[in-house]
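Structural overview
As a plain string of letters, each chain reads:
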Amino acid sequence: DAGVTQSPTHLIKTRGQHVTLRCSPISGHKSVSWYQQVLGQGPQFIFQYYEKEERGRGNFPDRFSARQFPNYSSELNVNALLLGDSALYLCASSLTRAGMDSPLHFGNGTRLTVT
Amino acid sequence: GENVEQHPSTLSVQEGDSAVIKCTYSDSASNYFPWYKQELGKGPQLIIDIRSNVGEKKDQRIAVTLNKTAKHFSLHITETQPEDSAVYFCAASMVDTGGFKTIFGAGTRLFVKA
């Protein structure tokens, strides 16, 4: 079975631009979560979507937005990019709203570099 | 806010020795504690997890313990092998508005020397 797939794998953008990252969950999984991982740190929670609705939001500015489509795939959008947005963006899917009965399964991430 | 602290940040052991990574969490509502292993260029992979109603769980060379009173949980790897070298993250999950939130520790870089 295919795992969580993310595209693109690498991306270079300039300050002020916007970016769209894409994620396809494991087949049958209905929840997608997005995390930001800065080099040398643990993943930081950005959003969780379940059944196409936002179910949780981390401490990130409104420049960050996301959505989930009817096929449960998801997009993360970041506007007005800053240098500090450079990070590995991880998508994780789970069968239901992630918790003790539905652990997170991560993709390999999109490495975003903002210059 | 919710916080997970992880120690040590770096751990170097000889092949065959044991490795222990410790975490503490702040939110007493946390009820699920997964551990992830992240290799270079890859996303974190779940290696073991423990629920709040269980004190200990073992899977071959890996074991986790949980002390809810002290808000401590630990990962124990026995008979370490070079392929265990990676970054390990502990995490704590708790109910958030409409769903669950998983908070990660900062990670432990484990080196297993052959």
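Scroll up for the structure.
Counting from 1, residues in each chain are numbered in the order their sequence is written. Working convention: letters from A go to chains and numbers from 1 go to ligands, in the order in which they are written. Local features in a predicted model are, by the rule used here, given only for residues with pLDDT of at least 70; side-chain atom pairs are given and counted only at 80 or more, and totals for whole chains, interfaces and linings are based on all residues. Hydrogens and water are ignored here; the side-chain numbers use all heavy atoms of the structure.

By definition, any uninterrupted DSSP run of H or I lasting at least four residues is a helix, any uninterrupted run of E lasting at least two residues is a strand, and each is numbered from the N terminus. In terms of regular secondary structure, chain B is built from zero helices and eleven strands. Counting from the amino terminus, chain B carries its helices and strands in the arrangement β-β-β-β-β-β-β-β-β-β-β. Within these notes, the globule rule equals 2.2 Å times the number of residues to the 0.38 power, and the radius of gyration is based on C-alpha atoms. In summary, chain B has a C-alpha radius of gyration of 14 Å against a globular reference of 13 Å for 114 residues, a match within 12%. C-alpha extents for chain B along the principal axes are approximately 45 × 30 × 20 Å. Sorting the 114 residues of chain B into buried and exposed places 47% on the buried side. We call two residues contacting when some pair of their heavy atoms lies within 4.5 Å. Once local pairs closer than 6 in sequence are excluded, the contacts in chain B between residues at least 24 apart make up 53%. The accessible surface values rely on the Shrake-Rupley method and a 1.4 Å probe; as for residues, cover is taken only from the protein chains in view. Accessible surface computed for chain B: about 5600 Å², of which carbon and sulfur atoms make up 48%. Any residue under 20% of the maximum accessible area for its type is buried, any over 50% is exposed, and the rest in between are partly exposed; the area is computed with a 1.4 Å probe on protein chains only.

A few words on the sheet that holds strand β1 (residues 4-7) of chain B. All names here are of chain B. A pair of strands counts as paired when DSSP detects no fewer than two bridges linking them. Judged by pairing direction, the sheet is antiparallel, and its five strands sit side by side in the order β1-β3-β8-β7-β6 without closing on themselves. Two strands close off the open sheet at either side, each with one partner strand: β1 and β6 (56-59). When strand polarity is set aside, the average angle formed by the axes of neighbouring strands in this sheet is 15 degrees. The sheet contact formed by β6 and strand β7 (residues 62-67) spans four bridges and is antiparallel. Counted as the bridge partner of Lys-57 is Val-64 from β7. Every axis in this analysis is a line fitted to C-alpha atoms, fitted for helices over the stretch in contact. Angles between the N-to-C directions lie between 0 and 180 degrees.

Time to look at the sheet that holds strand β7 (residues 64-68) of chain A. Strands belonging to one sheet form pairs held by backbone hydrogen bonds; the direction of such a pair is parallel or antiparallel. All names here are of chain A. As summarised here, the arrangement of the four strands in space is β1-β3-β8-β7, forming an open sheet in which the pairing is antiparallel. Looking at which strands have only one partner, the edges of the open sheet turn out to be β1 (5-7) and β7. Geometrically, the sheet is characterised by an average inter-axis angle of 15 degrees between neighbouring strands, direction not taken into account. Bridge analysis of strand β3 (residues 19-24) against strand β8 (residues 74-78) gives five bridges, and the strand direction is antiparallel.

With that settled, the discussion passes to the packing of aromatic side chains. Paired rings are identified among Phe, Tyr and Trp, the last through its six-membered ring, by centres lying within 6.5 Å, and are further divided according to the angle between planes into stacked (under 30 degrees), edge-to-face (over 60) and tilted (the rest). Counted according to the given criterion, the structure contains twelve aromatic pairs over all chains. Three or more aromatic residues joined by ring pairs form one cluster here, namely Tyr-35, Phe-45 and Phe-106 of chain A together with Tyr-36 and Phe-104 of chain B.

With that settled, consider the nonpolar core. Residues and elements named next belong to chain B. Grouping buried Ala, Val, Leu, Ile, Met, Phe, Trp, Tyr and Cys residues that are joined through side-chain atoms within 4.5 Å yields what is termed a nonpolar core. One finds Val-4, Trp-35, Phe-73, Leu-75 and Leu-110 to be the most contacted residues of the largest nonpolar core, which totals 25 residues. Only β2 (10-14), β3 (19-25), β4 (32-38), β5 (45-51), β7, β8 (72-77), β9 (86-96) and β11 (108-113) provide two or more residues apiece to this core. The dominant element in this core, judged by the number of residues it contributes, is β9, at five residues. With sequence-adjacent residues up to four places away left out, Leu-75 is seen in contact with Ala-19, Val-20, Ile-21, Trp-35, Ile-47, Ile-48, Ile-62, Ala-63, Val-64 and Tyr-88.

A word on the state of the cysteines. One covalent bond between the sulfur atoms of two cysteine residues makes up a disulfide. For the purposes of this analysis, a disulfide is any pair of cysteine sulfur atoms at a distance within 2.5 Å. Counting across every chain of the model gives two disulfides over all chains. Cys-23 of chain A shares a disulfide with Cys-91 of chain A; S-S distance 1.8 Å. Note on the Cys-23 of chain A and Cys-91 of chain A pair: the S-S dihedral is about -65 degrees, so by sign convention the disulfide is left-handed. Of this pair, Cys-23 of chain A sits in strand β3 while Cys-91 of chain A sits in strand β9 (residues 87-94), placing them 68 residues apart in sequence. There is no split in this pair, since Cys-23 of chain A and Cys-91 of chain A are both buried. Paired through a disulfide, Cys-23 of chain B and Cys-90 of chain B show a sulfur-sulfur distance of 2.0 Å. Measuring handedness by torsion sign, the sulfur bridge of Cys-23 of chain B and Cys-90 of chain B sits at about -100 degrees and is left-handed. Taken as a pair, Cys-23 of chain B in strand β3 and Cys-90 of chain B in strand β9 lie far apart in primary sequence, 67 residues in all. A single burial state applies to Cys-23 of chain B and to Cys-90 of chain B, both of which are buried.

This part is about the pattern of salt bridges. When the charged atoms of two side chains lie near each other, side chains of opposite charge can form a pair. All names here are of chain A. Counted as salt bridges are all cases of a side-chain nitrogen of Lys or Arg within 4 Å of a carboxyl oxygen of Asp or Glu. Across all of its chains, the model carries twelve salt bridges over all chains by this definition. Across the salt bridge formed by Lys-52 and Glu-51, the nearest N and O atoms sit 3.6 Å from each other. Through salt bridges with shared partners, a single network forms among Arg-22, Arg-67 and Glu-75.

Bringing the interface of chain A and chain B into the picture now. Facing 23 residues of chain A, the contacting portion of chain B comprises 22 residues. Viewed at the interface, chain B and chain A are joined by zero salt bridges. Side-chain atoms alone can form a polar contact between residues adjacent in sequence; in general such a contact is a pair of N or O atoms within 3.5 Å, and within protein one must be able to donate a hydrogen while the other accepts it. There are four residue pairs in polar contact (both at pLDDT 80 or more) connecting chain A and chain B. At three residues, the largest contribution of residues to the side of chain A that touches chain B is made by strand β6 (residues 53-57) of chain A. Throughout this entry, Asp, Glu, Lys and Arg are counted as charged residues, while Ala, Val, Leu, Ile, Met, Phe, Trp, Tyr, Cys and Pro are counted as nonpolar. The remaining residues, Gly among them, count as polar. Here the side of chain A that touches chain B is composed, by residue class, of ten nonpolar, nine polar and four charged.

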